[in-house]
Amino acid sequence: MRAHAMIFLGAPGAGKGTQAREVAKHFGIPQISTGDILRDAVKRQTPQGLVAKAKMESGGLVPDEVVCGIVEGRVGQPDCQRGFILDGFPRTLAQAEFVNQMLQAKGRGRPQVLDIEVDEDLLLKRLTGRRTCSLCGEIYNVHFNPPKVEGVCDKDGGKLLQRADDNEATIRQRLDAYHNQTSPLIEYYRRQGVLHDINGNAEPEVIAKGLLEFLSQA
Ligand SMILES: [Zn+2]
């Protein structure tokens with residue numbers, strides 16, 4: 001594998017974070033989650049972190065140039081030299097163009113974009129079936145990983161709860177919002193010939209195996 005920048009795309013429930021983590025571990029490169037580095041910048045009270053904090057506290061969105069600046073700073077760290085994975089970024093066309101320019105300025109090629117695709121029915125089952133133990137936080141799924149006794153944690157007998165926003169109507173809204181936001185990005189990367197469709201319908205281990213084989217040859 002060449003020293004690459006990789007971008008993972010995938011709807012909520014597609015397993016994007018899990019796959020990104022496997023790939024990062026396998027190649028020994030960092031997985032950069034925008035949420036994490038944003039929180040870190042806020043905690044360290046960097047100039048960009050302070051702007052982000054003020055925005056978040058007033059309930060607004062963190063401006064693009066702030067998020068982009070924080071990503072650029074993180075990607076400039078020595079551990080990113082051999083490649084890195086962006087997880088949760090870019091989300092907009094403007095951010096995608098920023099990433100391309102940033103990579104070009106650093107003498108890197110275009111990113112490799114891995115789009116983890118999962119059928120909508122399966123996504124709905126994964127998300128609506130999710131239950132969390134009220135005591136230990138263990139996560140179950142009534143369709144794929146049910147507890148031995150319905151509604152009860154196997155480990156400690158804690159009551160299993162469904163998050164209020166894991167209902168079908170809210171999830172459909174989240175999926176629609178994701179598709180609306182992401183489809184221009186997908187088209188942008190497809191036109192550049194850097195988009196790779198990954199079938200995300202299988203078990204996570206199977207997807208990871210295929211993904212690593214593909215990347216090793218890429
Ligand atoms: Zn439990």
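Here the structure is shown first, and the text comes after it.
Here we summarise the structure given alongside this text. (Residues numbered from 1 in each chain as written. Predicted model: local features only at pLDDT ≥ 70, side-chain atom pairs only at ≥ 80, totals over all residues. Heavy atoms only, no water.)

**Structural notes on the pattern of salt bridges**
Move 1: Per the stated rule, a full pass over the model turns up 15 salt bridges.
Move 2: The salt bridge partner of Asp-40 is Arg-44, with a shortest N-O separation of 3.0 Å. Within this pair, Asp-40 and its partner Arg-44 are both found in helix 2 (residues 34-44), separated by four residues, close to a single helical turn.
Move 3: Residue Asp-40 is classed as partly exposed on the basis of its relative accessible area, which comes to 30%.
Move 4: Of the charged contacts, one joins Arg-163 and Asp-165 as a salt bridge, the two residues approaching to 3.0 Å between their closest N and O atoms.
Move 5: A relative accessible area of 32% places Asp-165 in the partly exposed class. (Salt bridge = Lys/Arg side-chain N within 4 Å of Asp/Glu carboxyl O. Helix = DSSP H or I, 4+ residues; strand = E, 2+ residues; numbered from the N terminus. Buried < 20%, exposed > 50% of the residue type's maximum accessible area, 1.4 Å probe, protein only.)

**Observations regarding the layout of surface pockets**
Over the atoms, a rolling probe the size of a water molecule traces out where space has been left empty.
Move 1: Here the largest pocket is characterised by a volume of approximately 1200 Å³.
Move 2: Lining the largest pocket we find 45 residues, and of these Gly-13, Ala-14, Gly-15, Lys-16 and Thr-18 sit closest to its centre.
Move 3: Of all the secondary-structure elements, those providing two or more residues to the lining of the largest pocket are strand 1 (4-10), helix 1 (16-27), strand 2 (31-33), helix 2, helix 6 (120-128), strand 6 (139-141), helix 7 (168-191) and helix 8 (204-217).
Move 4: With five residues, helix 1 is the single largest residue contributor to the lining of the largest pocket.
Move 5: Grouping the constituent residues of the lining of the largest pocket by class yields 18 nonpolar, 17 polar and 10 charged.
Move 6: Counted as a void, the second largest pocket has a volume near 310 Å³.
Move 7: Together, 15 residues line the second largest pocket, and Leu-61, Val-62, Val-67, Arg-91 and Gln-95 are the ones closest to its centre.
Move 8: When residues of the lining of the second largest pocket are traced back to their parent elements, those giving at least two are helix 2 and helix 4 (64-75).
Move 9: If one sorts the elements of the lining of the second largest pocket by residue count, helix 2 sits on top with four residues. (1 Å grid on protein atoms, 1.4 Å probe; cavity = no way out; pocket = protein on both sides within 12 Å on 5 of 7 lines; lining within 4 Å. Points joined across faces, edges and corners; volume = space filled by probe spheres on them. Nonpolar A, V, L, I, M, F, W, Y, C, P; charged D, E, K, R; others polar.)

**Here we look at helix 4**
Move 1: Along its 12 residues, helix 4 runs 16 Å from first to last C-alpha, staying within 8% of the 16 Å computed at 1.5 Å per residue.
Move 2: Residues of helix 4 that are buried include every one of Val-66, Val-67, Cys-68, Gly-69, Ile-70, Val-71 and Val-75, and no others.
Move 3: The elements touched by buried residues of helix 4 are strand 2, helix 2, helix 3 (47-57), strand 3 (83-87) and helix 5 (93-105). (Expected span 1.5 Å × (residues − 1). Contact = heavy atoms within 4.5 Å.)

**Regarding the environment of His-143**
Move 1: Secondary-structure assignment places His-143 in the loop between strand 6 and strand 7 (160-161).
Move 2: As a C-alpha pair, His-143 and Lys-125 span 18 residues in sequence and 6.8 Å in three-dimensional space.
Move 3: Setting aside residues up to four positions removed in sequence, His-143 forms contacts with Lys-125, Thr-128 and Gly-129.

**Description of the coordination of the zinc ion**
Move 1: Coordination of the zinc ion by the protein comes from Cys-133 (SG), Cys-136 (SG), Cys-153 (SG), Asp-156 (OD) and Asp-156 (OD), over a distance range of 2.3 to 2.5 Å.
Move 2: Positions of the donor residues of the zinc ion, expressed as sequence spacing, correspond to C-x2-C-x16-C-x2-D.
Move 3: With a relative accessible area of 4%, Cys-133 lands in the buried category. (Donors = N, O, S within 2.8 Å, 3.2 Å for Na, K, Ca; no water.)

**Quick notes on the packing of helix 4 against helix 5**
Move 1: Where helix 4 contacts helix 5, the axes come no closer than 11 Å and their chain directions differ by 30°. What the angle tells us is that helix 4 and helix 5 run roughly parallel. Note on packing geometry: the crossing formed by helix 4 with helix 5 is right-handed. From helix 4, Asp-64, Cys-68, Glu-72 and Val-75 reach across to helix 5, where they touch Ala-94, Gln-95, Phe-98 and Met-102.
Move 2: Considering only residue class, the contact of helix 4 with helix 5 consists of five nonpolar, one polar and two charged. (Axes fitted to C-alpha atoms, helices over the stretch in contact; angles between N-to-C directions. Parallel < 35°, antiparallel > 145°, perpendicular 65-115°, else oblique. Left-handed = near helix turned anticlockwise from the far one by under 90°.)

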